[in-house]
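# Inside the fold
One letter stands for each residue in the lines below.
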Amino acid sequence: MTRSLDRLIRPRSIAVFGGKEARRVIEQCDKMGFTGEIWPVHPREAEILGRKCYRSVAELPAAPDASFVGVNRQLTIDIIRDLAARGSGGAVCYASGFREAASELDDGNDMQEALVAAAGDMPIVGPNCYGFINMLDGALLWPDQHGMLRVEKGVAILTQSSNIACNISMQTRGLPLAYVMTAGNQAQTGLSDIACAVLEDPRVTAVGLHIEGFDSVAALERLATRARELGKPVVTLKVGKSEAAQLATVSHTASLAGNDRVSSALLARLGIGRVDTLPALLETLKLLHVAGPLDSRDISSMSCSGGEASLMADAGERYRVSYRALRDEQKKPLKDALGEMVTIANPLDYHTFVWGNREKQTTAFAAMMKGGYAINLLVLDFPRLDRCDPADWETTCHAVIDAARATGARAGIVASLGENMPEATALFLMKAGIVPFFGIEEALAAIETAADIGAAWAEPVPPRLLDGSGGDASAAITLSEHEAKLELAASGLRVPEGKTAATAEEAAMAAETLGFPVVLKGLGVAHKTEAGAVKLNLASRDEVHAAASAMAGVASGYLVEKMVAKPVAELIIGAMRDPVVGPVLTIGAGGILVELLDDSAILTLPTTPEAIRQAIGGLKIRKLIDGYRGGPAGDFAALTDAVAAAASYVVANASNLEELDINPLMVLPNGQGAVAADALIRRRN
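Let me begin by describing the structure that accompanies this report. Not measured: the values here are computed from a predicted model. (Residues numbered from 1 in each chain as written. Predicted model: local features only at pLDDT ≥ 70, side-chain atom pairs only at ≥ 80, totals over all residues. Heavy atoms only, no water.)

### Re the sheet that holds strand β22 (residues 518-523)
Spatial ordering of the open sheet is given by β21-β24-β22-β23, a layout of four strands whose pairing is antiparallel. The sheet is open, and its two edges are formed by β21 (498-501) and β23 (534-538), each paired on a single side. The mean inter-strand angle of the sheet, taken between neighbouring strand axes irrespective of direction, is 20°. Taken together, the three bridges between β22 and β23 define a ladder with antiparallel strand orientation. By the bridge assignment for β23, Leu-520 is matched with Lys-535. Packed onto the sheet, helix α17 (residues 481-490) meets β21, β22 and β24 (557-562) and runs at close to 45° relative to β24. Along the sheet, helix α18 (residues 504-514) contacts β21, β22 and β24; its crossing angle with β24, the most-contacted strand, is approximately 15°. (Pairing = 2+ DSSP bridges. Helix = DSSP H or I, 4+ residues; strand = E, 2+ residues; numbered from the N terminus. Axes fitted to C-alpha atoms, helices over the stretch in contact; angles between N-to-C directions. Contact = heavy atoms within 4.5 Å.)

Here it is, written out as structure tokens:
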């Protein structure tokens, strides 16, 4: 059920419950110029900050649009029940001691369920959260200090962590913050639902999420779809890569973090950007606020120092960006503006010959910006304002602005050391449409992420994610290899011709029927190779009979198959049931290389042929498939078809498939196909 959050996050009337924290909410609203009604509720006080106090929800003049409930957890439930019955617009639940404390408090889960039941159809945020700051309207359900100012438009940042929200509010990077919001336990309303609500505000340009655990994949899909429709990008800082972070997430938010690589695949599928650090999140939002998603990864870089040009070039190796070579028509204008002693290249060291000359700098910068790059960067570290004169640096800023306006190109100024750009300069540049980047690494991370979003939005909207619910995971059964291959063959996957046999004599007869050479495998053996239950290249009836006899002590039967020709490469195709996303497909280097190379890609389902081709193309083993060092090329088309067939099988059996493992999938020379040499299927009952 989707509840409207409009009244809650953009209120005209606010009720506050409690003592010290409630008083702070009133102080912050007054400080930020909130023009609506504020109604304190307190059992003993006559007034708070000049406002009449009411004794209960029933005494309020009307049903409040938003309420801050800053009382103990039991009283919180009672007040939420009364607010819901009164028809209120929603509430922030400040108290802790709910599901996040279930390991310490026996009734933590019960209390959270009681809170959700009390709220009914009324939206609540939290519990265990600070609430939110709306700087567009000066409405703050926020019981603490913050570092924000009123804005007319800007980005929204949402997090489960109230302390992270406090930290973000103190940023001095020039990023206009329209909303800073916390979600706490997400007992009823998750980050994605809140994000959908703020996205609808026409004054919001982009949304950033600090995610500890996905609240709802379906809600995340809705958010991604609406973001694309509105042209307002979403970027995430998804934590949980380390085992320690995953443990902290479970204990802190009672959220299931899921597999981190699956999270990345999910976000990429949805066209939601992902970054790794808080500074990168802020810098990416800054870029998206000014320029939106980028249409390519081609960038230019300019600086008046060879050292800075080298820093940019080296940093570019760590990110998926391209310093595309200059076009011929750019070179002469640059040479004319900068002189013969300057080497014309990208990244460009333009030396100091034009330093302090706004006209010549503008001419050179404009020539660079005419190269059709997604964004043009200029590295510029500013002097300390308390000790130095910044006049020449300001001249360079004006030249960048002039060049960007003359060419219509996107541009950014990068301080190699973030602290070297004054906040006033960042605000000035933002107002002029220039992105002020704090740090080289952060700038390139932002560009990479904005280009990822642009590339995703250029593709058709992906189909809805597969619903893999159902089945009893505790009673999974494992099919025999032969049974597994028959099922996969029915889905279009090529498998070796084979027969089962009960005795050594039957195995020998089956081999003669199939034709030599053959492979003999023992049935009912979990780890065939380690148990000696696999024999390859058997070339006669006698060899098959002898091999089968040797396996008799460990095998319950036999599988005889035609020997597959020598492959160009061996891959693995696997399916796992992610606890958050459901069934996902993994492809990568197979055979003995699985552990050695750690070379794999994850596909969320259902997938497309283009997504499969891109995933294979990003693997290290792709070099073998293309024909490494003069070797034969593999059958790429057949490999793509094989992965697609496996994906179709997983989709068709999503409700009961527990595990799929095809290893190795042998990719034969071009035109000869791809064959599943071994397969395992575990199915829920």
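### Section: the pattern of salt bridges
Inspection of every chain in the model, using the stated rule, returns 40 salt bridges. Residues Lys-485 and Glu-561 are paired through a salt bridge, measuring 2.6 Å at the closest nitrogen-oxygen approach. Residue Lys-485 is found in helix α17, and its partner Glu-561 is found in strand β24; the two are separated by 76 residues along the sequence. When sorted by exposure, Lys-485 lands in the same class as Glu-561, which is buried. Ionic pairing is found between Arg-541 and Glu-505, a salt bridge with its closest N-O pair at 2.1 Å. With Arg-541 in helix α19 (residues 541-551) and Glu-505 in helix α18, this residue pair connects regions lying 36 residues apart in the sequence. Look at Glu-505 and you get partly exposed, because its relative accessible area is 36%. Overlapping salt bridges, with partners in common, bring together Asp-6, Arg-10, Asp-137, Asp-201 and Arg-203 in one network. (Salt bridge = Lys/Arg side-chain N within 4 Å of Asp/Glu carboxyl O. Buried < 20%, exposed > 50% of the residue type's maximum accessible area, 1.4 Å probe, protein only.)

### A closer look at helix α10 (residues 278-291)
Along its 14 residues, α10 runs 20 Å from first to last C-alpha, staying within 8% of the 20 Å computed at 1.5 Å per residue. Counted residue by residue, α10 has eleven buried out of 14 residues, so it is predominantly covered. Taken together, the buried positions of α10 are occupied by Ala-280, Leu-281, Leu-282, Glu-283, Thr-284, Leu-285, Lys-286, Leu-287, Leu-288, His-289 and Ala-291. At the N-terminal boundary of α10, the capping side chain belongs to Thr-277, with an oxygen 3.1 Å from the backbone nitrogen of Ala-280. Once α10 ends, the next one or two residues include Gly-292, with phi positive near 75°. (Expected span 1.5 Å × (residues − 1). Polar contact = N/O pair within 3.5 Å; in protein donor to acceptor, adjacent residues only side chain to side chain.)

### Considering the sheet that holds strand β8 (residues 132-134)
Read across the open sheet, the seven strands follow the order β9-β8-β11-β10-β12-β13-β14; overall the sheet is mixed. In this open sheet, the two edge strands, each paired with only one partner strand, are β9 (139-141) and β14 (273-275). Taken over all neighbouring pairs, the strand axes of this sheet differ in orientation by 15° on average, direction set aside. Bridging between strand β12 (residues 204-211) and strand β13 (residues 234-238) involves five bridges; their strand directions are parallel. Residue pairing across strands places Leu-209 opposite Thr-236, the latter belonging to β13. Contacts from α10 reach β10 (154-159), β12, β13 and β14, with the element oriented near 180° to β13.

### Examining unusual backbone geometry
Cis geometry marks the peptide bond from Asn-346 to Pro-347; its omega dihedral reads 5°. Within the element layout of this structure, Pro-347 appears in the loop between α12 (328-338) and β16 (348-349). For Leu-49, which is not a glycine, the phi torsion comes out positive at approximately 50°. Turning to its location among the elements, Leu-49 is positioned in the loop between β3 (47-48) and β4 (51-52). Owing to a relative accessible area of 34%, Leu-49 belongs among the partly exposed residues under this scheme. In the Ramachandran plot, Arg-629 falls in the positive-phi region, its phi being about 50° despite a non-glycine side chain. Its place among the elements puts Arg-629 in the loop between α22 (622-625) and α23 (636-652).

### Some details on the packing of aromatic side chains
Tallying each qualifying case throughout the model produces five aromatic pairs. Seen from their ring centres, Tyr-94 and Tyr-130 are 5.9 Å apart, and the 35° between their planes marks the pair as tilted. Of this pair, Tyr-94 sits in the loop between β6 (91-93) and α4 (108-119) while Tyr-130 sits in the loop between β7 (124-125) and β8, and the two are 36 residues apart along the sequence. Considering the side-chain rings of Tyr-130 and Trp-142, the 5.2 Å spacing of their centres and the 80° angle between planes classify their relative orientation as edge-to-face. Of this pair, Tyr-130 sits in the loop between β7 and β8 while Trp-142 sits in the loop between β9 and β10, and the two are twelve residues apart along the sequence. An aromatic cluster of three or more residues is present, and its members are Phe-68, Tyr-94, Tyr-130 and Trp-142. Lying across the ring of Phe-214, Lys-238 places its NZ or CZ 5.5 Å from the centre. Taking NZ or CZ as reference, Arg-324 lies 4.3 Å from the ring centre of Tyr-373, over its face. (Phe/Tyr/Trp six-rings, centres within 6.5 Å; stacked < 30°, edge-to-face > 60°. Lys NZ or Arg CZ within 6 Å of the ring centre and 35° of its normal.)

### Overview of the packing of α10 against helix α16 (residues 440-458)
Their axes nearest at 8 Å, the elements α10 and α16 cross at an angle of 55°. As judged from the angle between their axes, α10 and α16 are oblique. Helix-helix and strand crossings are classified by hand; for α10 and α16 the assignment is right-handed. Residues Pro-279, Ala-280, Glu-283, Thr-284, Leu-287 and Leu-288 of α10 form the contact with α16, whose own contacting residues are Glu-442, Ala-445, Ala-446, Ile-447, Thr-449, Ala-450 and Ile-453. Across the contact of α10 with α16, the residue classes tally to nine nonpolar, two polar and two charged. (Parallel < 35°, antiparallel > 145°, perpendicular 65-115°, else oblique. Left-handed = near helix turned anticlockwise from the far one by under 90°. Nonpolar A, V, L, I, M, F, W, Y, C, P; charged D, E, K, R; others polar.)

On their own, these measurements won't tell you what the molecule is for.
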